Amino acid sequence: MNPTPSRHAASTETVAEPAAYPDGREADAPWPWQADSQLIYRDLRNAIVSLHRRPGEILDERSLAEDYGTSRPKVRQAINRLSDEQLVERQQHHRRMRLGVARIPLRALPEAEEMRKALETRVARYAARRATPDQIAGLRASIERQRVCETAGDIDGFHAADEAFHALLSEAAGYPGFWTTVGRVKAQIDRCRRLGLLVLGGMGPAIAEHEAIAAAVAAHEPDRAATLMATHLDGVAGTIAKLRSVVPCYFHDPGDPQSSR
């Protein structure tokens, strides 16, 4: 199997409408204003993490500036930030450098996974101690949205509902800032999860794991909630191993000869 998700892969594969970006603009909508570097950064980051721009896709500063109706220096500022996050890379090509969407750096994944697990197991433990009936109802409603998305094959919608579930847990724990911190470190993990949904499927197991976590929170069982969360997050490692065998060109490991350009 050799899937090649396009910039709008998730939306074209699942629903007829174009995917929406966090600022409310649809993926194919024109830019009616001159974009600043922060907006360009957010938009490109979302497109890369969601695989609407796939690993290896070439980025051209001039074209991006035209698309966003802005100057190349503003685009360059956004690109530099994305490069710092290993989401964009500069590639040597015929004696000149070119920009491209970075492949997923394998060496960055274990640290990100451990950081996320350290925070989110603590979140699950606190949520099981502190969650109110309304917050538990919110978790269950989020799971129902995930089921609807699974039935519709809506990958973008499922990912959004998945994110909402974890954000609600942080609120129930009394530490919503934990989820903000997790969001800063899990970009590469999210790319793997999105790729896993496109290539391997697997919304059902994630939903079942969410249900178990929500049940432990509702029963006010902190140890069980934390253990279930750790198991849930550990599943990403198995997904990555499978993806490396199916789409190795989407990953990069400097120490692996098979990962060379």
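Anything mentioned here points back to the structure above.
Parameters at a glance
Residues numbered from 1 in each chain as written. Predicted model: local features only at pLDDT ≥ 70, side-chain atom pairs only at ≥ 80, totals over all residues. Heavy atoms only, no water. Helix = DSSP H or I, 4+ residues; strand = E, 2+ residues; numbered from the N terminus. Buried < 20%, exposed > 50% of the residue type's maximum accessible area, 1.4 Å probe, protein only. Contact = heavy atoms within 4.5 Å. Areas by Shrake-Rupley, 256 points an atom, 1.4 Å probe, with all protein chains shown as cover. Axes fitted to C-alpha atoms, helices over the stretch in contact; angles between N-to-C directions. Parallel < 35°, antiparallel > 145°, perpendicular 65-115°, else oblique. Left-handed = near helix turned anticlockwise from the far one by under 90°. Salt bridge = Lys/Arg side-chain N within 4 Å of Asp/Glu carboxyl O. Core = buried A, V, L, I, M, F, W, Y, C linked by side-chain atoms within 4.5 Å. Expected span 1.5 Å × (residues − 1).

Enquirer: Looking at this structure, how should I read the overall build of the chain?
Expert: Check the secondary structure of the chain and you find eleven helices and five strands. Sorting the 261 residues of the chain into buried and exposed places 48% on the buried side. For the chain, long-range pairs separated by at least 24 residues make up 73% of all intrachain contacts whose partners lie at least 6 apart in sequence. Counting only carbon and sulfur atoms, one obtains 51% of the accessible surface of the chain, whose full area is about 12700 Å².

Enquirer: Please explain the packing of helix α5 (residues 109-130) against helix α7 (residues 155-173) as it appears in this structure.
Expert: A pair of packed helices is captured by two measures, namely the crossing angle of their axes and the spacing between those axes. Relative orientation of the contacting elements α5 and α7 amounts to 55°, with a least axis distance of 7 Å. In terms of orientation, α5 lies oblique with respect to α7. Between α5 and α7 lies a crossing whose hand is left-handed. Judged by residue contacts, Arg116, Glu120, Val123, Tyr126, Ala127 and Arg130 of α5 engage His166, Leu169, Ser170, Ala172 and Ala173 from α7.

Enquirer: Looking at this structure, how should I read the pattern of salt bridges?
Expert: Once their charged atoms are close, side chains differing in charge can pair, the charge on each being opposite to the other. Within the structure shown, the criterion is met by 17 salt bridges. Ionic pairing is found between arginine 116 and glutamate 120, a salt bridge with its closest N-O pair at 2.5 Å. Note that arginine 116 and glutamate 120 are positioned in helix α5 at a spacing of four residues, about one turn of the helix. Each of Asp162, Glu163, Lys186, Asp190 and Arg193 takes part in a single network of salt bridges with overlapping partners.

Enquirer: Sorry if this is basic, but what is going on with the environment of glycine 174 here?
Expert: Inspection of the secondary structure puts glycine 174 in the loop between α7 and α8 (176-185). Each C-alpha atom, one on glycine 174 and one on valine 123, is 8.5 Å from the other, the two residues being 51 residues apart in sequence.

Enquirer: I keep staring at the nonpolar core and nothing clicks. Help me out?
Expert: Inside soluble globular proteins, nonpolar side chains tend to come together where they are buried. Leu169, Leu195, Val217 and Phe251 are the most contacted members of the largest nonpolar core, which has 43 residues in total. At the level of secondary structure, the elements contributing two or more residues to this core comprise α5, α6 (133-152), α7, α9 (187-199), α10 (203-218) and α11 (222-246). One finds Ile48, Leu64, Leu99 and Val101 within the second-largest nonpolar core, a separate group that totals 20 residues.

Enquirer: Help me understand α5 in this model?
Expert: Think of an α-helix as turning once every 3.6 residues; residues three or four places apart then point the same way. Over its 22 residues, α5 extends 31 Å from the first C-alpha to the last, a length consistent with the 32 Å expected when each residue adds 1.5 Å. What α5 keeps buried is the set Leu109, Ala112, Glu113, Arg116, Lys117, Glu120, Thr121, Val123, Ala124, Tyr126, Ala127 and Ala128.

Limitation: the analysis is restricted to geometry and does not speak to function.
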